[in-house]
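Each chain, letter by letter, is given below.
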Amino acid sequence: MRKLMNKDEAFTGLEAAIVLIAFVVVAAVFSYVVLGAGFFTTQKSQEVVYTGVSQASSSMEILGDVYGIDEDNDDAIEDIQFTVGLSAGGSSIDFTKVVITWSTATEVEIIPANTTLINGTGDPAANTWVINDIRPTTSTGDALLESNEQFTLKVNLNTGHELASNEKFNLEIKPSTGAALGIKRTGPAKVDKVNLLY
């Protein structure tokens with residue numbers, strides 16, 4: 001006669017379903033974590049690219065010529081005058097936070113802003129710079145360079161450090177954000193009252 005034996009080793013359909021559901025839940029959680037990390041990384045890399053582009057491209061450009069002015073008629077240039085505006089697509093620049101650096105072959109000097117930053121009446125104090133003119137005249141008249149505005153800047157060189165004949169210089173305008181705008185020119189062979197600098 002045959003003997004019936006009771007064995008519990010069989011794998012039922014219910015147990016298989018439970019194991020399958022557990023695997024699916026673990027895989028879903030893992031994929032959610034991986035996708036979240038991927039989205040976060042993509043967002044951070046996008047921010048880095050935008051920041052890099054804004055820092056690398058200068059928002060300003062020189063409009064017109066750069067002039068050297070001999071205020072004292074002593075055959076040396078005391079003032080540098082030029083006009084700046086925003087380049088195409090450039091963001092506004094707050095000139096209360098701009099730093100101007102003057103350098104020649106023998107010196108490097110930071111030139112601070114004049115006490116009265118917007119001074120349409122004339123010359124800045126010694127060894128300072130000023131916004132001499134704002135165009136168009138219908139603009140807001142503040143120190144924020146915006147689209148379609150032009151600022152004429154006048155930089156007074158430190159006494160004893162005037163620009164001599166044939167002397168090369170670099171004038172660097174550094175906004176708080178974005179790349180600096182460098183102006184590299186050479187003093188004229190003969191210094192007149194007003195000189196066009198190349």
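It should be emphasised that the depicted structure is a prediction, and the values quoted were computed from it without experimental measurement.

Chemist: Run through the overall build of the protein chain, naming residues and quoting values.
Modeler: A tally of helices and strands in the protein chain yields one helix and 13 strands. From first element to last, N terminus to C terminus, the protein chain shows the α and β order α-β-β-β-β-β-β-β-β-β-β-β-β-β. Residue pairs at least 24 apart in sequence account for 57% of intrachain contacts in the protein chain once pairs closer than 6 positions are excluded. Here the protein chain has roughly 12,500 Å² of accessible surface; of this, 59% comes from carbon and sulfur atoms.

Chemist: Give me the pairing of strand E6 (residues 108-111): which residues, what numbers.
Modeler: It is a general feature of regular strands that their side chains alternate between the two faces of the sheet. Burial of the side chains of E6 is restricted to one face: Glu109 and Ile111 are buried, whereas none of Val108 and Ile110 on the reverse face is. Pairing between strand E5 (residues 99-103) and E6: four bridges, direction antiparallel. By the bridge assignment, Ser103 is partnered in E6 with Val108.

Chemist: I'd like a description of the packing of aromatic side chains, backed by residues and values.
Modeler: Per the stated rule, a full pass over the model turns up three aromatic pairs. Considering the side-chain rings of Phe95 and Trp129, the 6.2 Å spacing of their centres and the 70° angle between planes classify their relative orientation as edge-to-face. Pair noted here: Phe95 is in the loop between strand E4 (93-94) and E5 and Trp129 is in strand E8 (residues 129-135), with a separation of 34 residues, a long-range link. Classification of Trp129 as buried rests on a relative accessible area of 0%.

Chemist: So, the pattern of salt bridges: which residues are in play, and what are the values?
Modeler: Scanning all chains against the criterion turns up five salt bridges. We note a salt bridge from Arg135 to Asp133, for which the minimum N-O separation is 2.8 Å. Here Asp133 falls in the partly exposed class, since its relative accessible area comes to 26%. The partner of Lys174 in a salt bridge is Glu172, with the nearest N and O atoms 3.6 Å apart.

Chemist: Talk me through the pairing of strand E13 (residues 194-197); I want residue IDs and the actual numbers.
Modeler: Residues Asn195 and Leu197 line the buried face of E13, whereas the alternating positions Val194 and Leu196 sit on a face that is not buried. Here four bridges tie strand E2 (residues 66-69) to E13, and the two strands are oriented antiparallel to one another. Paired with Val66 across the strands is Leu197, a residue of E13.

Chemist: Explain the environment of Thr101 residue by residue, including any values.
Modeler: Inspection of the secondary structure assignment puts Thr101 in strand E5. Residue classification places Thr101 among the buried residues on the basis of a relative accessible area of 9%. Among residues more than four places away in sequence, those in contact with Thr101 are Val108, Glu109, Ile110, Asn170, Leu171, Glu172 and Lys174.

Cut-offs used in this document
Residues numbered from 1 in each chain as written. Predicted model: local features only at pLDDT ≥ 70, side-chain atom pairs only at ≥ 80, totals over all residues. Heavy atoms only, no water. Helix = DSSP H or I, 4+ residues; strand = E, 2+ residues; numbered from the N terminus. Contact = heavy atoms within 4.5 Å. Areas by Shrake-Rupley, 256 points an atom, 1.4 Å probe, with all protein chains shown as cover. Buried < 20%, exposed > 50% of the residue type's maximum accessible area, 1.4 Å probe, protein only. Pairing = 2+ DSSP bridges. Phe/Tyr/Trp six-rings, centres within 6.5 Å; stacked < 30°, edge-to-face > 60°. Salt bridge = Lys/Arg side-chain N within 4 Å of Asp/Glu carboxyl O.

By themselves, these figures tell us nothing about what the structure is for.
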